Amino acid sequence: MRRAIALSGGGTKGAYEAGVWKALIELGIDYEIVTGTSIGAINGALMVTRDYEKACEIWDTIEMGDVMADGLNLTATIEGMYNQREAIRAFLKKYVKNKGADISPFYKFIDCLIDEDKVRASDVDFGLVTVTVPGLKGLELSKEEIPRGLLKDYIMASSSIFPMFPMHRISGELYLDGCYYDNLPIDLALKMGADEVVAVDLHTSPQHPNYVNKPYVKYIIPSRPLGTMMNFERSVLDANRRLGYYDTLKAYGRIAGFTYMFYQEDLDQYKPEILSFVSRVARTESYLTEGMFSKFVKPGDSKRLCGNIEEHIPREPYTRQDYFIGGAEICGEIFGLPAEEPWYLSEFTENLLDSLIPAQEADLKLFEGLGAVELAARLADLKRKRDSKYIVGCIFHAYRAGKVDLKEQLGLMAFASYELAAALFLLTMQGSAS
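Predicted model, so just to flag it, every value in this text is computed and none were measured. (Residues numbered from 1 in each chain as written. Predicted model: local features only at pLDDT ≥ 70, side-chain atom pairs only at ≥ 80, totals over all residues. Heavy atoms only, no water.)

Turning our attention to the overall build of the chain. Per the secondary structure count, the chain includes 19 helices and 10 strands. In the chain, buried positions account for 53% of the 434 residues. Counting only contacts in the chain whose residues sit at least 6 apart along the sequence, the fraction spanning at least 24 positions is 71%. A total accessible area of about 20100 Å² is found for the chain, and carbon and sulfur atoms account for 52% of it. (Helix = DSSP H or I, 4+ residues; strand = E, 2+ residues; numbered from the N terminus. Buried < 20%, exposed > 50% of the residue type's maximum accessible area, 1.4 Å probe, protein only. Contact = heavy atoms within 4.5 Å. Areas by Shrake-Rupley, 256 points an atom, 1.4 Å probe, with all protein chains shown as cover.)

Turning to unusual backbone geometry, a few remarks are in order. Outside of glycine, negative phi angles account for most residues, and trans bonds account for most peptide bonds. The residue after Val 133, namely Pro 134, is reached through a cis peptide bond having omega 0°. With respect to the element layout, Pro 134 can be found in the loop between β3 (125–133) and β4 (137–142). Here the phi dihedral of Ser 38 falls at roughly 60°; this positive angle occurs in a residue that is not glycine. Tracing the backbone through its elements, the reader meets Ser 38 in the loop between β2 (33–37) and α2 (39–48). Among the residues examined, Ser 38 registers a relative accessible area of 9% and is labelled buried.

This part covers the pattern of salt bridges. The tally for this structure, following the rule as stated, stands at 13 salt bridges. Note that Asp 51 is salt-bridged to Lys 118, the shortest N-O span being 3.7 Å. Of this pair, Asp 51 sits in the loop between α2 and α3 (52–61) while Lys 118 sits in helix α7 (residues 116–121), and the two are 67 residues apart along the sequence. Here the salt bridges do not stand alone but share partners, grouping Asp 381, Arg 384 and Lys 385 into one network. (Salt bridge = Lys/Arg side-chain N within 4 Å of Asp/Glu carboxyl O.)

On to the pairing of strand β7 (residues 196–200). Judged by how many residues are buried, β7 sits mostly within the fold: five of five residues are covered. Burial of β7 is two-sided: the residues Glu 196, Val 198 and Val 200 facing one way and the residues Val 197 and Ala 199 facing the other way are all buried. The pairing of strand β1 (residues 3–7) with β7 spans five bridges and is classified as parallel. Looking at the pairing, Leu 7 lines up with Val 200 of β7. Bridge analysis of β7 against strand β8 (residues 217–220) gives four bridges, and the strand direction is parallel. Its bridge partner lying in β8, Val 198 is registered against Lys 218. (Pairing = 2+ DSSP bridges.)

Position of Ala 328 among the secondary structure elements: in helix α14 (residues 320–335). Given a relative accessible area of 1%, Ala 328 falls into the buried group. As for Ala 328 and Leu 424, which are separated by 96 residues in sequence, their C-alpha atoms are 9.9 Å apart. Excluding its chain neighbours within four sequence positions, the residues that come into contact with Ala 328 are Phe 262, Phe 348 and Phe 425.

A few words on α2. Across the 10 residues that make up α2, a large majority, 10, are buried. Two residues or fewer after α2 comes Arg 50, characterised by a positive phi angle close to 55°.

A few words on the nonpolar core. Counting 65 residues, the largest nonpolar core has Phe 106, Phe 126 and Ile 155 as its most contacted members. For this core, the element with the most residues is helix α1 (residues 15–27), which contributes eight residues. Once you skip the residues sitting within four places of it in the chain, Phe 126 turns out to touch Val 34, Ala 41, Gly 44, Ala 45, Val 48, Val 119, Leu 141, Ser 142, Lys 143, Leu 151, Ile 155 and Met 192. Core analysis: the next-biggest nonpolar cluster, separate from the first, contains 56 residues, Ala 362, Ile 391, Val 392 and Ile 395 among them. (Core = buried A, V, L, I, M, F, W, Y, C linked by side-chain atoms within 4.5 Å.)

What follows deals with the packing of α3 against helix α10 (residues 234–251). Running from amino to carboxyl end, α3 crosses α10 at an angle of 145°, the nearest separation of the two axes being 9 Å. Every residue of α10 that contacts α3 at Cys 56, Trp 59, Asp 60 and Thr 61 is listed here: Arg 234, Leu 237 and Arg 241. Partitioning the contact of α3 with α10 into residue classes produces three nonpolar, one polar and three charged. (Axes fitted to C-alpha atoms, helices over the stretch in contact; angles between N-to-C directions. Nonpolar A, V, L, I, M, F, W, Y, C, P; charged D, E, K, R; others polar.)

Time to look at α3. Every buried residue of α3 is listed here: Tyr 52, Ala 55, Cys 56, Ile 58 and Trp 59. The buried residues of α3 occupy an angular sector of 160° when projected down its axis, which confines them to one face. Exposed residues pointing more than 90 degrees away from the buried face of α3 are listed as Glu 53 and Glu 57. The secondary structure elements touched by the buried residues of α3 are α1, α2, α6 (104–113) and α10. (Arc of directions from axis to C-beta.)

Along the chain, Thr 284 falls in helix α12 (residues 271–286). Relative accessible area serves as the criterion here: at 4%, Thr 284 is assigned to the buried category. C-alpha separation for the pair Thr 284 and Ala 421, spaced 137 residues apart in sequence, amounts to 10.0 Å. Leave out the neighbours within four places in its chain, and Thr 284 touches Leu 305, Gln 409, Met 413, Leu 420 and Leu 424. Polar contacts involving the side chain of Thr 284 include one to the main-chain carbonyl oxygen of Arg 280, which spans 2.7 Å. (Polar contact = N/O pair within 3.5 Å; in protein donor to acceptor, adjacent residues only side chain to side chain.)

These figures come from the coordinates and say nothing about function on their own.
What follows is the structure, encoded as structure tokens:
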């Protein structure tokens, strides 16, 4: 079986692809073909020569000055743009005067980075995408189809994101960035003989959604936005590279989670807790056909509690583990736990339980002797005055004190379903933290 790696274009977001590569190495996943567009073609040429150390060096040190003279660091914030307002004026004046950005440093960067002889000598095939001008015709080329001595030029052509970068000229012909035809060349990889493709997208919304669930495509997609394509902030590059690494481990089942990350081998030890949590959720929701909701909710109707959990699960059908992780992630959000590194579940739970308010600070009177209407009013008022963290604590301690019956459950589902999901998770896990 011939495996290909297809790499997306996206400027500095390409740091994510270096993280993916690290994970592939650790997982022992090899390849016979690499295709790429723009920064994907640049990273791809390094993957063809298996020069991971050089890729690490590049993404450890790259700066704006390596790409553009007097360029702009395009952050995603208004504050970042405001802090560069003088640089923006100077850049625009120079851009208009020179009819384009000065990317002479980028030419030198590519010349030093890419070794054409090594690419051609490699047993890994290589393909890239660019666009011809005029006509805007997509051009897919393997390394055998690129004239000898012009590989770096065609990589430059694939990376010429007009109008930010000028069009690239080869033998009198002009070329544009391949993103204007195919920014993630899965098709090219298949045409080059791949039986399986590891596709690395740099967008949270898939560029090729029809390939996401194909059995012959492993589609790796960022679990959060990567920012702008010209952001050279070191913290952003490092975070994106780290995310690529963990998202790949997720794609291959070593890491679980959606906005948070949990070690799968660790989760496998919590099967009783996973079953218990899902059962708590199911039983709680089943009572929505009782009491004050009975006139509006029929058996089998969509339920609010599961809705909160399912918002954290980007795929169907849902598994019990998905529901369990959804509950954990609601807790993580409410209690503000960091999401940048994977968690062991025991440590995650300990942090949550340590952050709970003590039982003596919980408003247990909230659940005593109130009718449905009065309880709903109290909950609504409490949500205006106190944060979700406090409300979770009240619900948690009320359950432990036996203060929550059918009436209270219905009120919680109506006005605090998000916090109720978190409390049910903590109630499930309270005996498992070590």
